[in-house]
Amino acid sequence: MVIYLDYAATSPMPADVQAEYAQALHLVGNPSSIHQAGQQARNLIENARAVIAGYVGVEPMEVSFTSGGTESINTWIKGRVFAHRKARPGEDVFIALTRAEHHASLDAVEWLDASGFATPLWIDVDSDAVMDLAHLDAQLSAVPAGSVAGLTTLVANNEVGSLQPLSEIAAIAREHSVPVHLDAVQGFGSIPLSLSELGVDAMSISAHKLGGPVGVGALVVSRAASPLDSLIHGGGQQVSRSGTLDAAGAVAFSHAAMSTFERSPSEREQRRGLRDALIDGLGVLEGVSVRGSSNRLDNNVHITMEGASGEVALYLLDAEGIYVSTGSACQAGVAESSHVVSAMGLGDQAARSALRFTLGYATTQAEITRVLEVFPSVLERARVAGYPS
Ligand code: PLP
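Regarding the sheet that holds strand E12 (residues 354-358)
The 3 strands are arranged E9-E10-E12 in an open sheet whose pairing can be described as antiparallel. The sheet is open, and its two edges are formed by strand E9 (288-290) and E12, each paired on a single side. Between one strand axis and the next, the sheet turns through 25 degrees on average, direction left out of account. With 5 bridges joining them, strand E10 (residues 300-305) and E12 adopt antiparallel strand pairing.

Structural notes on the pattern of salt bridges
All told, the structure shown has 14 salt bridges when counted by the stated rule. Notably, a salt bridge pairs Arg241 with Glu71, separated by 2.7 Å at the nearest N-O pair. Here the residue Arg241 occupies a position in the loop between strand E8 (217-221) and helix H8 (247-261), and Glu71 occupies one in helix H3 (residues 69-87), the gap between them amounting to 170 residues. Linking Glu91 and Arg88 is a salt bridge whose minimum nitrogen-to-oxygen distance equals 2.9 Å. On the basis of relative accessibility, which here comes to 41%, the residue Glu91 falls in the partly exposed class. Connected through shared salt-bridge partners, Glu269, Arg271, Arg272 and Asp298 make up one network.

Focus: the packing of aromatic side chains
Tallying each qualifying case throughout the model produces 9 aromatic pairs. Ring centres 5.4 Å apart and planes at 65 degrees place the aromatic pair Tyr4 and Tyr7 in the edge-to-face group. Note on Tyr7: relative accessible area 7%, which makes it buried. Seen from their ring centres, Phe188 and Phe253 are 6.5 Å apart, and the 80 degrees between their planes marks the pair as edge-to-face. Of this pair, Phe188 sits in the loop between strand E6 (180-183) and helix H7 (195-198) while Phe253 sits in helix H8; the two residues are 65 residues apart in sequence, bridging distant segments of the chain.

Focus: the nonpolar core
By size, the foremost hydrophobic cluster in this structure holds 50 residues, and its most contacted members are Phe65, Leu151, Phe188, Met203, Ile205 and Phe253. Core analysis: the next-biggest nonpolar cluster, separate from the first, contains 29 residues, Leu5, Val301, Ile303 and Val378 among them.

Focus on the domain arrangement of the protein chain
What the domain assignment lists for the protein chain is domain 1 (3-12 + 265-385) and domain 2 (15-261). Computed over C-alpha atoms, the centres of domain 1 and domain 2 are 27 Å apart. For the pair domain 1 and domain 2, the interface holds 0 salt bridges. Counting across the interface, domain 1 meets domain 2 through 16 residue pairs in polar contact (both at pLDDT 80 or more). For the side of domain 1 that touches domain 2, the secondary-structure elements that each account for two or more residues are E10 and helix H11 (339-343). Considering only residue class, the side of domain 1 that touches domain 2 consists of 9 nonpolar, 12 polar and 5 charged.

Calculation notes
Residues numbered from 1 in each chain as written. Predicted model: local features only at pLDDT ≥ 70, side-chain atom pairs only at ≥ 80, totals over all residues. Heavy atoms only, no water. Pairing = 2+ DSSP bridges. Helix = DSSP H or I, 4+ residues; strand = E, 2+ residues; numbered from the N terminus. Axes fitted to C-alpha atoms, helices over the stretch in contact; angles between N-to-C directions. Salt bridge = Lys/Arg side-chain N within 4 Å of Asp/Glu carboxyl O. Buried < 20%, exposed > 50% of the residue type's maximum accessible area, 1.4 Å probe, protein only. Phe/Tyr/Trp six-rings, centres within 6.5 Å; stacked < 30°, edge-to-face > 60°. Core = buried A, V, L, I, M, F, W, Y, C linked by side-chain atoms within 4.5 Å. Domains from an automatic or database assignment. Polar contact = N/O pair within 3.5 Å; in protein donor to acceptor, adjacent residues only side chain to side chain. Nonpolar A, V, L, I, M, F, W, Y, C, P; charged D, E, K, R; others polar.

If you want it as structure tokens, here you go:
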């Protein structure tokens, strides 16, 4: 039995989304062409844009399709810093974030810092990787008013699953007139997210986390938001992002979103039940700690293991046909110690021992039962194997 428990890395594409995607791929037109084939492709794009807009509480024109979460996040962070620098030439510029963000944010900000474009304003997280609101307020108060180009925050931590207090973060940022961007790559589809209701400026989302294709995402930017400089110049097909639009990708993204959002409450309840069964079953094992807040994504289970390497446990599970991640799934296939667990203040040993299980629409009770059967022996063997050098 092959058991896929790495939905947060990428989700399998449901059959109905595959069918819509394949059908849209038959269409030839460039959505910017004036002939009928082009206009058909344009209609597909605009329908998809309206669907996505509806799920994030904005107007369709506020949604720009991108190549995924990484591009969307980079576009907002760098575009915001460049626009801010133009508006305040010669002044110091800060960008606020925690050390538990996804690498798409961390590395973009570290590049801005190394290139002399902006200085990171680091906000602490607690031992569940949840942003420390008092520290956020203190850090925004500690720099000159108007010097912070923006604040970026995860909606839900991609490793440990903790949900962030978005309304509170947005309220504090508003008091300091700091624009807010949400990395909603994990969270979109799991929890209600409305840009207008939250009162934030922008949001990045990605199709492949909900069963759409890899290489398709969106940057949602409120019309009322602070300006962004474009990073990708060309035909001006979309605000902040030039390039021929991918009609089939947009169609598949919108169908993946529909199939996710329209899943029944009982189906969601069932998945939460499976998540909790896994949490309970792993949490009772000696030396295993379940990490992250109890206010967490409904598909995420994260543990650290005393005396065992996450990487070794991952390979042992892999040999049993069980696919999980150490948490740092986006590190080019290299299992590293978890920067999130380090940011939580849990030390190096814990950071090297992290394992993340993420469930999805096809996860079954039989799969969870099998994981719980196999795991004690995997843990024992991982402890004997020790740590890879
Ligand atoms: N942000 C978070 C929270 C993620 O989990 C990921 C991917 O794992 C990304 C950003 C990057 O998204 P993409 O793979 O679409 O570039």
